[in-house]
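Architecture and fold: a report
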Amino acid sequence: MSPVNTGPAAVIVLAAGAGTRMKSRTPKILHEIGGRSLVGHALHTARSVNPKQLALVVRHERDLVASHLNELDPSALIVDQDDLPGTGRAVEVALEALDSTAPLTGTVVVTYGDVPLLTGDLLSELISVHESEGNAVTVLTAVLDDATGYGRILRDVDGTVAGIREHKDASDAELGIKEVNSGIYAFDAAVLRDSLRHITTDNAQGEKYLTDVLGLARAAGGRVAAVVTSDRWQVEGANDRVQLSALGAEHNRRVVEAWMRAGVTVVDPATTWIDSTVMLEEDVRLLPNTQLHGDTHVARDAVVGPDTTLTDVTVGEGATVIRTHGSGAVLGAGSKVGPFTYLRPGTVLGETGKIGAFYETKNVTIGRGSKLSHLGYAGDAEIGEDTNIGCGNITANYDGEKKHRTVIGSGVRTGSNTVFVAPVEVGDGAYTGAGAVVRQNVPAGALALSLAKQRNAEGWVTANRPGSVSAKLAEAAAHFEDSSETPASTEEGKQP
């Protein structure tokens, strides 16, 4: 049988606000936590309830926001809010756009682009309660110790929701209410459509309030109810950088805790940051000050950290990555990287291979068991299996205009401070001497040397740096050598 879409008729995400308190050229909903923009989190949650249609209402920095949304979810409908302010008007223009093909029937969910910790489970609960009770409107609420700025939930004696009073319109008695409106709703489409036609802007803000739908629905005989969450973070929005930071920290705490419960060891959760998009397998071990971003994937038994940041990096089973900054790299099973290593995009390290201390790599493929142990650079190169690259080796890949490639075979042994001047190839089993500058191809099994006879200019320091510490030490050493060459005398002062 074909799968049946059992989700709501539509989810509408309101993302039109300017977010002026962020004090940023970047629209509020494009600020990020946990590897996703705020609106990216909202889209992820909206899609998780399997809606038949998804619409996002935009206005501030419209083109920039729309471009981002198209990258995240090309099938989502982008709707422009007009000059009439208010959440009621934002939902109205979205509903008109969704109705353009055929009027919606069923449940319409409204949520926001700046509520990143809202989960699909809670949204599904809201939809389930709404539909099972046959409500006209169901609102998601939370009880807060400090309800400043939030709309208050007004209830009848039977517990049903009588209405919502916006903070600026609330009386002193109403301001004492702790149960607040999250702004997240499930509506019956027909009730929502009819109520929006009758909403006015007769309020302190001069806006078309979506909250007014509740009173109109009740007046028409509909039932209005609430789903109360004890998890306030799921309804928290980010209006400034302080709130953004708090949401980011809480999001990370939840992500790290979830991975620990899934079998990952995190030695210091307080200093470990893991994006929403990262994948970890059982028995991974993360050491302090580790940050994993983007599409990073760490296989089981791998150890990452301490002091390591990886973005879009694949770490193979049993690999170790220590004090490393890397992006766009693939590290094979059992490989070892670090400490103080810089992995740039295009780095591919084979199984049991090694990239050691103070090494930088870029666009290089390193074969199984090969080692680049310390103090070097490998870029635009291909290195075979079981090759040992000596200390201080570099591939000189850039001639000032173009990048060139170095190919080093398997079983190669290179001496310290070898320079490969690309384009150049080194055959299997070849060697290079210390300090070699390889400008020509090296045949398999050959030894490449760059030799020049050493010449010592004796007395140079004394002649050219008179009075210096070096000159004085050189003179003392020369005097000592001269003294040691004088034959020792006998007690009688005669030569033996």
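Residues numbered from 1 in each chain as written. Predicted model: local features only at pLDDT ≥ 70, side-chain atom pairs only at ≥ 80, totals over all residues. Heavy atoms only, no water.

Relative orientation of the contacting elements helix α3 (residues 87-98) and helix α6 (residues 189-196) amounts to 120°, with a least axis distance of 10 Å. The pairing of α3 with α6 is recorded here as oblique in orientation. In this structure, α3 meets α6 at a crossing whose hand is left-handed. On the side of α3, the interface is formed by G88, V91, E92 and L95, while α6 contributes L192, R193 and L196. The class makeup of the residues in the contact of α3 with α6 is four nonpolar, one polar and two charged. (Axes fitted to C-alpha atoms, helices over the stretch in contact; angles between N-to-C directions. Helix = DSSP H or I, 4+ residues; strand = E, 2+ residues; numbered from the N terminus. Parallel < 35°, antiparallel > 145°, perpendicular 65-115°, else oblique. Left-handed = near helix turned anticlockwise from the far one by under 90°. Contact = heavy atoms within 4.5 Å. Nonpolar A, V, L, I, M, F, W, Y, C, P; charged D, E, K, R; others polar.)

Within the largest apolar cluster, 69 residues are counted, with the highest numbers of intra-cluster contacts made by I12, V137, L192 and L210. Core analysis: the second largest hydrophobic core is formed by 43 residues, V321, L349, L372 and A430 among them. (Core = buried A, V, L, I, M, F, W, Y, C linked by side-chain atoms within 4.5 Å. Buried < 20%, exposed > 50% of the residue type's maximum accessible area, 1.4 Å probe, protein only.)

Moving on to the pairing of strand β10 (residues 179-188). The element β10 is largely enclosed, with a buried count of nine among its ten residues. When strand β6 (residues 107-112) meets β10, the two strands line up antiparallel, connected through four bridges. Looking across to β10, one finds that V108 is bridged to F187. Strand direction decides the pairing type here: strand β7 (residues 137-143) and β10, joined by six bridges, are antiparallel. Across the sheet, the residue bridging to T141 is N181, located in β10. (Pairing = 2+ DSSP bridges.)

So, about helix α2 (residues 62-72). Taken together, the buried positions of α2 are occupied by V65, A66, H68 and L69. Buried residues in α2, looked at end-on, bunch into an arc of 160°, giving them a common side. Summarising the geometry of α2, the exposed residues directed more than 90 degrees from the buried face are D63 and E71. Contacts made by the buried residues of α2 are with β3 (36-37), α1 (38-48), β4 (53-58) and β5 (77-80). (Arc of directions from axis to C-beta.)

Before going further, it helps to spend a moment on the pattern of salt bridges. The tally for this structure, following the rule as stated, stands at 27 salt bridges. Among the salt bridges present, the one from D80 reaches R62, with a minimum N-O distance of 2.7 Å. Of this pair, D80 sits in strand β5 while R62 sits in helix α2; the two residues are 18 residues apart in sequence, bridging distant segments of the chain. In this structure R62 comes out as partly exposed when scored by relative accessible area, which is 31%. Ionic contacts of the salt-bridge type, sharing partners, join the residues D231, E250, R253, R254, E257 and R261 into one network. (Salt bridge = Lys/Arg side-chain N within 4 Å of Asp/Glu carboxyl O.)

Per the stated rule, a full pass over the model turns up one cavity of 30 Å³ or more. As a volume, the largest cavity reaches approximately 40 Å³. Contributing to the lining of the largest cavity are Y359, L372, Y377, A378, I383, I389, N393, I394, T395, I408 and F420. Sorting the residues of the lining of the largest cavity by element identifies β28 (371-383) and β30 (394-396) as the ones contributing at least two each. (1 Å grid on protein atoms, 1.4 Å probe; cavity = no way out; pocket = protein on both sides within 12 Å on 5 of 7 lines; lining within 4 Å. Points joined across faces, edges and corners; volume = space filled by probe spheres on them.)

Bridge count for strand β16 (residues 290-293) against strand β19 (residues 308-311) is four bridges, and the pairing is parallel. Residue T290 lies in a different strand from β19, and its bridge partner there is T308. Bridging between β19 and strand β22 (residues 324-327) involves three bridges; their strand directions are parallel. From the neighbouring strand, L310 faces β22, where its bridge partner is G326.

Turning our attention to helix α8 (residues 241-261). Here α8 contains 21 residues, and its C-alpha end-to-end distance of 30 Å stays within 8% of the 30 Å for a straight helix at 1.5 Å per residue. Listed as buried for α8 are L244, L247, G248, E250, H251, N252, V255, V256 and W259. Tucked into the core, α8 has its buried residues touching β2 (32-33), α1, β12 (265-266), β13 (273-274) and β14 (279-280). Phi turns positive, to about 110°, at G263, one or two residues after α8. (Expected span 1.5 Å × (residues − 1).)

On to the packing of α6 against helix α7 (residues 212-219). At their nearest, the axes of α6 and α7 sit 9 Å apart, and the two run at 110° to each other. On the basis of their axis angle, the class for α6 and α7 is roughly perpendicular. Only V213, L216 and A217 of α7 make contact with α6, whose side of the interface consists of V191, L192, S195 and L196. Grouping the constituent residues of the contact of α6 with α7 by class yields six nonpolar, one polar and no charged.

Turning next to the confidence of the model for the protein chain. Mean pLDDT for the protein chain: 93, with 96% of residues reaching 70 or above. When the criterion is pLDDT under 50, residues 489-496 qualifies, and its contacts beyond four places in sequence or with other chains add up to six contacts. (pLDDT = per-residue confidence, 0-100.)

Sizing a probe to match a water molecule and rolling it over the atoms shows the empty space that remains. Quantified by volume, the largest pocket comes out at close to 1500 Å³. What lines the largest pocket is a set of 45 residues, and nearest its centre among them are R21, K28, T87, Y112 and N239. When residues of the lining of the largest pocket are traced back to their parent elements, those giving at least two are β1 (10-15), α3 and β10. With four residues, β10 is the single largest residue contributor to the lining of the largest pocket. Approximately 410 Å³ is the volume attributed to the second largest pocket. For the lining of the second largest pocket, the secondary-structure elements that each account for two or more residues are α1 and α8. With five residues, α8 is the largest single contributor of residues to the lining of the second largest pocket. When grouped by side-chain class, the residues that make up the lining of the second largest pocket number seven nonpolar, eight polar and three charged.

We now examine unusual backbone geometry. Here G305 and P306 are connected by a cis peptide whose omega angle stands at 5°. Tracing the backbone shows P306 in the loop between β18 (303-304) and β19. Note that the residue after G338, namely P339, is joined by a cis bond; omega there is 5°. Considering the arrangement of structural elements, one finds P339 in the loop between β24 (336-337) and β25 (341-343). Although it is not a glycine, E61 sits at a positive phi angle of roughly 50°.

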